[in-house]
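Analysis of the macromolecular model
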Amino acid sequence: MRIIFFIYLFVLSFITAFSQGTEASFKEDQFIDDLISKMTIEEKIGQMTQYTGFFDITGPAPESGDNKRKYDDIKNGLVGSMLNVKGAEQVREMQKLAVENSRLGIPMIFGYDVIHGYKTISPIPLAEAASWDLEAIQQSARVAATEATAAGLNWTFAPMVDISRDARWGRVMEGAGEDPYLGSRIAAARVQGFQGSDLTASNTLAACTKHFAAYGFVESGKDYNTADIGTSTLYNVVLPPFKATVDAGVMTFMNSFNELNGIPATADKFLQRNILKGDWGFDGFVVSDWGSIDELVIHGYAEDAEYAAQYAAIAGSDMDMESHAYKEHLQSLIEENRVDVSVIDEAASRILRVKYRLGLFDDPYRYCNEAREKELTMSKENRDASLEMAKKSIVLLKNDQDILPLPKSGKKIAVIGHLADSESSPLGNWILAADDNSAVSLLEGTSNYSGNEYSYTQGVRLYEGREKFIYELKINTEDRSGIEQAVALAKESDIVIMNLGEHGFMSGEARSRATLGLPGLQQELLEAVHEVNPNVVLVLQTGRPLTITWADDHVPAIINAWQLGTESGHAIAQVLFGDYNPSGKLPMTFPRSVGQVPIFYNHKNTGRPYDADLVFWSHYIDQTNAPLYPFGYGLSYTAFEYKNLSVVSSQNTVDVSVTVTNTGDYDGEEIVQLYIRDHHASIVRPIKELKGFEKVSFKKGETKTVKFQLTEKELGYFDNQGKYTFEPGKFSIMVGGNSADLIEQVIEL
Ligand code: BGC
């Protein structure tokens, strides 16, 4: 009887929740339909138009030229969104222009590139991915959302979920690396962090998944280049993280600059209408990338801007970021029956829906609160969160003879490298709102460990001139004058910490590289210093994998400190001196040379995988196939041993368990990784695919059993029609601490 009563209660609450949900969505639909029915075509096209910030609204209104035209457009309700306007006051005043002057008073949505923090900068996304810590990554996005919303913003152009296998591509710093499984989990966590559980709350904002699609596969790693990939890679590698964000409820998408198999993504109906809005049921809107509608002409796809607007709108690009093509041409295209009015109705409705869900119609100024902005910006709490994230992102790459952690006292330590005293480079690339020089430098971080004696010299300058997002850094390739002094200092020191690598503005958009070594004269500096004092700890600062093969051969300790954000120096020092035991694992393979790129762990076997005695197999004659550091790799100050792999299958469910023991001298965390291989399939599968991971803490000497369960969801794959398929047969199940060192069992399903 009691059971029946509980079932009754359960069914009742389910029906109530369902009907409340449908009632809410009915109200939403009705609101939007109503509004659409009142709007002119011009106003609807206005919703599809986004301008970048063009004047300081606290100053005088523009009186002529382009700025005057844009200003009037906002007042006339012909602009749906703005980007690059920030600060509670600026946003409120801009919003007022639209809400108080236009016929229908529709609020604008304010977008900004809050990619790894707003003012408190967190590690670059690739670094955060190295933590494999979904909770921490979600929290990092939460902090960014809290600061950005306090500054009036309600939309971030993140997460970037482009999978990439090519370290030459500068934008790898913005993503989660090379793996679709890890990338999908992180993408969803970021959306949940930005959007929270209540989008109408004043500290959550709409996320934007980008860049749709295949931007990470640009040929030769050159930004904005063509992508040409097959269906198997598209469905199994590129698309999964995008889909994961739709499942996580992301509100918006951004398309990409590249063309994919001959069709520029902005005009790609298959991607935007068939897959995203069709198969995946995405009900938010798609914004073009900056000027990418105009670029349809430059690609050689559209004859002129008018055609570009036509193709982009029909393909499902709902909002035009800064091409002005919709504004100029959509109205006449409708009049000429080249674009159906339903396309405009749909796009405008999608945009209004997101505004509705943000609560902008209830209160267009809900994010604009100067007191909150002051209180939250770079608060202690936000800096602490950034520090935690930074520590978790560090990857220990080498530690011979346990040279690390360093003693906290009694040593003469030389700190060498231009980057070591930089308070700007550790911030990374997407730092539009950050204060200049607001990072803790490595040098400052070491000063907390005052029991040692530190001396600093730059060695060689890495760069000259302006450190700005919009300028290319000029790398010093000639001035070697500081090397002598660095060598002298190294000679008289017990230990040398060398902070070398890339400046934060050497990766990111338009920062592709053809070489992947230490830039400028840093390699020369490293070799000169190492010759007189081999006790070198190399602290690598980078936005991408680097080919540090010489360093790996000669330098006893290497930590990869990426660009770690505001608290960088503190995080690095805590790791160097053992107050934090590193646990990060690489989300992207480190190659030995550029010639190995693209290099990734989840490659196919080929018909000629290995034959040591003959020449006719898939390899290089001048270098091993093995990477310098594989995907998933990273050391700890302690060590972990994997044993007792048990794999039990029943009805296409596989239960996996393994015992892991901390065999070293420190407490520590390990990221236990699970890989599979489907040995024979109708579409050839990779030799390894990550399908699970768990971050586990261990006391010194402790053993734990870690369990995973695999179902058809993990064991299958997408066929060349995009249909998910599971084929029983022979599978390998592999577990370990990185993608190369695994214990394995083979099963038949
Ligand atoms: C980038 C986008 C970014 C947009 C707006 C473009 O150049 O590709 O990722 O969101 O600019 O700043």
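Nothing here was measured: the structure is a model prediction, and the numbers come from that model.

1. Comments concerning the site of the ligand
The local shell around the ligand consists of Leu83, Asp113, Phe157, Arg171, Lys210, His211, Met254, Phe257, Asp289, Trp290, Met321 and Glu509. A distance of 2.7 Å separates an oxygen atom of the ligand from a polar atom in the side chain of Arg171. A distance of 2.8 Å separates an oxygen atom of the ligand from a polar side-chain atom of Lys210. In isolation the ligand exposes 310 Å². Once the protein is present, 93% of that is buried. Tallied by class, the residues present in the shell around the ligand amount to six nonpolar, one polar and five charged.

2. Observations concerning the sheet that holds strand S18 (residues 557-560)
An order of S11-S18-S17-S16-S12-S13 is seen for the six strands of this open sheet, with the pairing classed as mixed. With partners counted over all chains shown, the strands left at the sheet margins are strand S11 (395-399) and strand S13 (451-457), one partner each. Across the sheet, the axes of successive neighbouring strands diverge by a mean angle of 20 degrees, strand direction being ignored. With four bridges joining them, strand S12 (residues 409-416) and strand S16 (residues 495-501) adopt parallel strand pairing. Residue pairing in the sheet places Ile416 in a bridge with Met498 of S16. With respect to the sheet, helix H18 (residues 522-532) is in contact with S12, S16 and strand S17 (536-541), its orientation differing from that of S16 by roughly 170 degrees.

3. Comments concerning unusual backbone geometry
Both trends apply: most residues other than glycine have a negative phi, and most peptide bonds are in trans. In this chain, Ala158 is followed by Pro159 through a cis amide linkage whose omega measures 10 degrees. Counting through the fold element by element, Pro159 comes out in the loop between strand S4 (155-156) and helix H7 (180-195). Not every positive phi belongs to a glycine, and Asn644 is a case in point at roughly 55 degrees. Turning to its location among the elements, Asn644 is positioned in strand S19 (residues 640-650).

4. Focus on the packing of aromatic side chains
Both the distance between ring centres and the angle between the ring planes are used here to describe each pair of aromatic rings. A complete count under the given rule lists 32 aromatic pairs for this structure. On the numbers, 5.1 Å between centres and 35 degrees between planes, the contact of Phe54 with Phe55 is tilted. For the pair Tyr224 and Phe257, a centre-to-centre distance of 5.2 Å together with 80 degrees between the ring planes defines the contact as edge-to-face. Here Tyr224 is found in the loop between strand S5 (208-212) and helix H8 (231-247), whereas its partner Phe257 is found in the loop between strand S6 (252-255) and strand S7 (259-260), with 33 residues between them in sequence. Feature note: the residues Trp132, Tyr181, Tyr601, Phe631, Tyr675 and Phe693 constitute an aromatic cluster, connected by ring pairs. When the ring centre of Tyr471 is taken as origin, the NZ or CZ atom of Arg466, which lies over that ring, is 3.6 Å away.

5. Points about the sheet that holds S19
Pairing between the strands of a sheet is mediated by backbone hydrogen bonds and can be parallel or antiparallel. Read from one edge to the other, the open sheet built from three strands follows the order S19-S20-S23, with strand pairing classed as antiparallel. The outermost strands of the open sheet, each flanked by one partner alone, are S19 and strand S23 (703-710). Looking at each pair of strands side by side, their axes are set apart by 15 degrees on average, direction ignored. Bridge analysis of S19 against strand S20 (residues 653-662) gives nine bridges, and the strand direction is antiparallel.

6. Observations regarding the pattern of salt bridges
Tallied over the entire structure, the rule returns 40 salt bridges. Arg353 is the partner of Glu28 in a salt bridge, and the nearest nitrogen-oxygen pair spans 3.5 Å. Taken together, the residues Glu28 in helix H1 (residues 2-38) and Arg353 in helix H13 (residues 341-357) connect sequence positions 325 residues apart. The residue Lys643 makes a salt bridge to Glu641 at a minimum N-O spacing of 3.6 Å. Overall, the relative accessible area of 44% leaves Lys643 in the partly exposed class. In this structure, a network of salt bridges that share partners links the residues Glu28, Asp283, Arg353 and Arg357.

7. Section: the pairing of strand S1 (residues 49-52)
Going residue by residue along S1, you find Thr49 and Tyr51 tucked away on one face and Gln50 and Thr52 tucked away on the opposite face as well. Note that S1 and strand S10 (residues 320-321) share two bridges and pair parallel. Paired with Thr49 across the bridge in S10 is Asp320. Bridge count between S1 and strand S2 (residues 81-83): three bridges; the pairing is parallel.

8. Thoughts on the domain arrangement of the protein
When its domains are assigned, the protein resolves into domain 1 (19-374), domain 2 (385-591) and domain 3 (640-748). Between the C-alpha centres of domain 1 and domain 3 the distance comes to 36 Å. With 13 residues of domain 1 in contact, the opposing surface of domain 3 contributes 15 residues. Summing both sides of the interface, domain 1 and domain 3 together bury roughly 1,200 Å²; the carbon and sulfur share of this comes to 61%. Taken as a group, Trp132, Tyr181 and Tyr235 account for 51% of the area that domain 1 buries against domain 3, more than any other trio of residues on that side. Our count for the contact surface shared by domain 1 and domain 3 stands at five residue pairs in polar contact (both at pLDDT 80 or more). Of all the secondary structure elements, the ones that give two or more residues to the side of domain 1 that touches domain 3 are H7 and H8. Broken down by element, the side of domain 1 that touches domain 3 gets its largest block of residues, four residues, from H8. Residue composition of the side of domain 1 that touches domain 3, by class: six nonpolar, four polar and three charged.

9. As for helix H6 (residues 134-150)
Think of an α-helix as 3.6 residues a turn; residues three or four steps apart then line up on the same face. In this model, H6 (17 residues) spans 24 Å end to end at C-alpha, consistent with the 24 Å of a helix rising 1.5 Å per residue. Most of H6 is tucked away, with 14 of its 17 residues classed as buried. Taken from the residues just after H6, Gly152 is the one with a positive phi, measuring 95 degrees.

10. A look at the packing of helix H9 (residues 269-279) against helix H11 (residues 305-315)
It is the contact of H9 with H11, at a shortest axis distance of 8 Å, that shows an interaxial angle of 20 degrees. Considering the angle they form, H9 stands roughly parallel to H11. Between H9 and H11, the residues in contact are Lys269, Gln272 and Arg273 and Ala313, Ile314 and Ala315, respectively. Class assignment of the residues belonging to the contact of H9 with H11 gives a composition of three nonpolar, one polar and two charged.

11. Some remarks on the environment of Arg592
With respect to the helices and strands, the residue Arg592 is situated in the loop between helix H20 (568-576) and S19. Residue Arg592 is classed as partly exposed on the basis of its relative accessible area of 24%. It is 27 Å that separates the C-alpha atoms of Arg592 and Ser184, two residues lying 408 residues apart in sequence. Residues within four places of Arg592 in sequence aside, it is in contact with Thr547, Thr549, Gln623, Thr624, Ala626, Pro627 and Leu628.

12. Some details on the packing of helix H17 (residues 483-491) against H18
Interhelical geometry of H17 versus H18 gives an angle of 30 degrees and a closest axis separation of 8 Å. Of the possible angle classes, the one that applies to H17 and H18 is roughly parallel. The way H17 lies across H18 gives a crossing that is right-handed. Within the contact between the two elements, H17 uses Ile483, Ala486, Val487, Ala490 and Lys491 and H18 uses Glu524, Leu525, Ala528, Val529 and Val532. Split into classes, the residues belonging to the contact of H17 with H18 amount to eight nonpolar, no polar and two charged.

Thresholds applied
Residues numbered from 1 in each chain as written. Predicted model: local features only at pLDDT ≥ 70, side-chain atom pairs only at ≥ 80, totals over all residues. Heavy atoms only, no water. Near = heavy atom within 4 Å. Polar contact = N/O pair within 3.5 Å; in protein donor to acceptor, adjacent residues only side chain to side chain. Areas by Shrake-Rupley, 256 points an atom, 1.4 Å probe, with all protein chains shown as cover. Nonpolar A, V, L, I, M, F, W, Y, C, P; charged D, E, K, R; others polar. Pairing = 2+ DSSP bridges. Helix = DSSP H or I, 4+ residues; strand = E, 2+ residues; numbered from the N terminus. Axes fitted to C-alpha atoms, helices over the stretch in contact; angles between N-to-C directions. Contact = heavy atoms within 4.5 Å. Phe/Tyr/Trp six-rings, centres within 6.5 Å; stacked < 30°, edge-to-face > 60°. Lys NZ or Arg CZ within 6 Å of the ring centre and 35° of its normal. Salt bridge = Lys/Arg side-chain N within 4 Å of Asp/Glu carboxyl O. Buried < 20%, exposed > 50% of the residue type's maximum accessible area, 1.4 Å probe, protein only. Domains from an automatic or database assignment. Buried area = accessible area lost by both parts, 1.4 Å probe. Expected span 1.5 Å × (residues − 1). Parallel < 35°, antiparallel > 145°, perpendicular 65-115°, else oblique. Left-handed = near helix turned anticlockwise from the far one by under 90°.

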